[in-house]
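# Structural characterization, general
Spelled out from the first residue to the last, the chains are:
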Amino acid sequence: MKKAVIISLFIILSLVLPSLAQKSDGSASQRLDIMRQKIDTMRKSLSSAISSLKDDGKDKKDKKDKKDDKDKRDDLNTPLGRLKSLEKESSSLASEVNGLRGKVDRSEKYESSDFDSTEASVNELLARVDTALLETAKDRATSKTTEGDAREVKKNKKFLGIFGKGGNDEYEELLGTVRPGRDKELFVFATKEVRKGNHEVGRLLFNVIITTYAESPYLPMAKLAIADSFYLEGDTSNLIQAAAGYQDWLAFFPTHPLADRVLLKIAESEMRQVGLPDRDATKAKRAELKLKVLLQQYPNSILVSDVKTRLSEVQDNLGLHNLWIANFYYKRSIDQQKQGLKGSQSRYREILEKYPNFSYLDEVLFKIAVTYQAEEETDEAVKYFQKICREFPNSEYLDKAKEQLTLMGATIPPSDPTRQNVFPPEKAGFFDNFKNQFFGNFPMTIDRNGVLMTKDFDKKKFELIDQVIENGGDLTQGQIPKVFTTVVGDRPTPTTQQ
């Protein structure tokens, strides 16, 4: 009983946390995409559950009682009535979202409060739908165990009655009817769909485990697999939901053996949205924060080296963002003799304080020294020029720094022998630079695989999600690779293929 209460609390909170995390995140178009995806998931789940309840009672009804039965089914006090009411609400919300989408596409004026209220309504309805599906699971349940049995494939129907052009609706009965052992079956088929690139279908199947099988051992990994699916799909709106899904999972399992990898995926979800340094730095700042938290909370993780590499690259992006602003004021004040000297100086100082390993630190040191020269603060200028001489023996600013020190009558210090191999970063070639500018990407080290599943599935490889299935729902510390990878090894036998 205690386990059921804990898992139920996990489900309820898991519905709320992503909603809070995603509120007002992303552009208007991205927010609409997220709302549409949530509504589609609700409608498919409700349609399947309603179909199951109708089928269960179909043979028990007499024709003369049809009207009374319809009234009873529409009664909000019955499982079917509640689900049908929620289905109507989801359709109404879908119309609202479509209306907002039309305004955005036509570049019409709209109020931001309209987005906030619709977004809140979608998240609130999603919580009620998932709760209703969990509450009505027993009404859709049967004691017959069919795990491993072949199911009858229904012909010429749209998938879940919502989209498609007909064909086999092989999952309708699997989704609608609750039976022992079906959680594992759902997990296996969901994994297959994601691997085939049918991310939306896979997420729906994983979500049925969460909303129907409250005591399933697969529930935590189903939640993580949903976040993985968003991450693997990889467009901006999906990455927003991936980060929220990973954060939600981590809130409940901070000591799980996969926790450090999940936190890294949150950071990488943000990193994949980072643009060039002259653009908004919000995503880079979020990624930096998550990477710093990972190093602090998991100092002995095998990921430390990978995390430090990513942190250095993210901080280079943030440093270049500040450098771009600082240089703007530098040109105004030094080259054009206009105001902006203090603005450039404060930005350069911020880089020195926050990003001591910044790849272009020599440029920052030289230009902040020049600003102090302009203010006739010679001692400060000398300090920064001398730092270039000591720590950046291969810098393009070295000769200029020496020249200024000579003019000011200051000592030119020898270079630090340990810094002889410190070279300026290589400049991107024409093609790479054009590609980065065209796509707006800042080159960083990012693993495109999820925590449990890889982006490009190889049938010969055995992944962490395969181990979850083999274990019946979870992983042990010893089963997680000692290197940063999602692949456990080669498949031992063909019979374990998913």
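Residues numbered from 1 in each chain as written. Predicted model: local features only at pLDDT ≥ 70, side-chain atom pairs only at ≥ 80, totals over all residues. Heavy atoms only, no water.

## Thoughts on the packing of helix α10 (residues 236–252) against helix α11 (residues 259–271)
In the contact formed by α10 and α11, the axes pass within 9 Å of each other and the chain directions differ by 155°. In terms of orientation, α10 and α11 fall into the roughly antiparallel class. Remark: the crossing between α10 and α11 carries left-handed chirality. Residue-level contacts link L239, A242, A243, Y246, Q247, W249 and L250 of α10 to A259, V262, L263, K265, I266, S269 and E270 of α11. (Axes fitted to C-alpha atoms, helices over the stretch in contact; angles between N-to-C directions. Helix = DSSP H or I, 4+ residues; strand = E, 2+ residues; numbered from the N terminus. Parallel < 35°, antiparallel > 145°, perpendicular 65-115°, else oblique. Left-handed = near helix turned anticlockwise from the far one by under 90°. Contact = heavy atoms within 4.5 Å.)

## Regarding the packing of aromatic side chains
Within the structure shown, the criterion is met by ten aromatic pairs. For the pair F358 and Y360, a centre-to-centre distance of 5.7 Å together with 55° between the ring planes defines the contact as tilted. Ring geometry for Y372 and Y384: centres 5.9 Å apart, planes at 10°, overall stacked. Of this pair, Y372 sits in helix α15 (residues 361–374) while Y384 sits in helix α16 (residues 378–391), and the two are twelve residues apart along the sequence. Of the two residues examined, Y372 and Y384, each falls in the buried class. Through pairs of rings, three or more aromatic residues link up here, namely F187, F206 and Y218. In this arrangement the basic side chain of K192 is found over the ring face of F189, its NZ or CZ atom lying 5.1 Å from the centre. It is R419 that lies over the ring of F392; its NZ or CZ is 5.1 Å from the centre. (Phe/Tyr/Trp six-rings, centres within 6.5 Å; stacked < 30°, edge-to-face > 60°. Buried < 20%, exposed > 50% of the residue type's maximum accessible area, 1.4 Å probe, protein only. Lys NZ or Arg CZ within 6 Å of the ring centre and 35° of its normal.)

## Brief notes about the nonpolar core
In terms of nonpolar packing, the biggest core is built from 90 residues, with F187, F206, L224, Y246, L258 and L452 touching the most fellow members. Here the element with the most residues in this core is helix α9 (residues 219–233); it accounts for ten residues. With 24 residues, the next largest nonpolar core counts L53, L83, V97 and F115 among its residues. (Core = buried A, V, L, I, M, F, W, Y, C linked by side-chain atoms within 4.5 Å.)

## What to know about the packing of α11 against helix α13 (residues 304–335)
Between α11 and α13, the shortest axis-to-axis distance is 12 Å and the interhelical angle comes to 25°. Considered as vectors, α11 and α13 are oriented roughly parallel to each other. Note that α11 runs across α13; the crossing there is left-handed. Along its contact with α11, which presents L264, E268 and M271, the element α13 presents V307, R310 and V314. Classifying every residue of the contact of α11 with α13 by side-chain character gives four nonpolar, no polar and two charged. (Nonpolar A, V, L, I, M, F, W, Y, C, P; charged D, E, K, R; others polar.)

## Description of α15
Counted at 1.5 Å a residue, the expected span for α15 with its 14 residues is 20 Å, and the 20 Å between its end C-alpha atoms agrees. With twelve of 14 residues buried, α15 is to be regarded as a mostly interior element. Lining the buried residues of α15 we find α13, α14 (341–354), α16 and α17 (398–407). At the exit of α15 stands E376, carrying a positive phi of roughly 60°. (Expected span 1.5 Å × (residues − 1).)

## Things to note about the confidence of the model for the protein chain
Taken residue by residue, the protein chain gives an average pLDDT of 81. The fraction at 70 or more is 78%. At the low end of the mean pLDDT range in the protein chain sits helix α1 (residues 2–22), at 44; at the high end sits α11, at 97. Low pLDDT (under 50) marks residues 56–64, which in the prediction has four contacts with non-local residues, meaning those over four places away or in another chain. Low confidence marks residues 143–151, where pLDDT is under 50. Its contacts with residues over four positions away, or in another chain, come to 18 contacts. (pLDDT = per-residue confidence, 0-100.)

## Details of helix α7 (residues 182–195)
Under the 1.5 Å per step criterion, the end-to-end length of α7 is 20 Å for 14 residues, consistent within 8% with the ideal 20 Å. The buried fraction of α7 amounts to twelve of the 14 residues, a majority that puts the element mostly inside the structure. Residues of α7 that are buried: R182, D183, E185, L186, F187, V188, F189, A190, T191, E193, V194 and R195. Looking at the residues trailing α7, positive phi occurs at G197, about 90°.

## Focus on the side chain of E288
By the secondary structure assignment, E288 is in helix α12 (residues 282–297). On the accessibility criterion, E288 (10% relative accessible area) is buried. Once you skip the residues sitting within four places of it in the chain, E288 turns out to touch L311, V314, Q315, L318 and Y355.

## Quick word on unusual backbone geometry
For residues other than glycine, phi is negative in most cases, and the peptide bonds are mostly trans. Unusually for a residue other than glycine, E376 sits at a positive phi of about 60°. Secondary-structure assignment places E376 in the loop between α15 and α16. Overall, the relative accessible area of 70% leaves E376 in the exposed class.

## Re the pattern of salt bridges
All chains considered together, the criterion is met by 22 salt bridges. Among the ionic pairs, D116 bridges to R31, the shortest N-O distance being 2.9 Å. In this pair, D116 sits in helix α5 (residues 112–135) while R31 sits in helix α2 (residues 28–58), placing the two residues 85 residues apart along the sequence. Relative accessible area serves as the criterion here: at 10%, R31 is assigned to the buried category. Where salt bridges share partners, they join R195, E463, D466 and R491 into one cluster. (Salt bridge = Lys/Arg side-chain N within 4 Å of Asp/Glu carboxyl O.)

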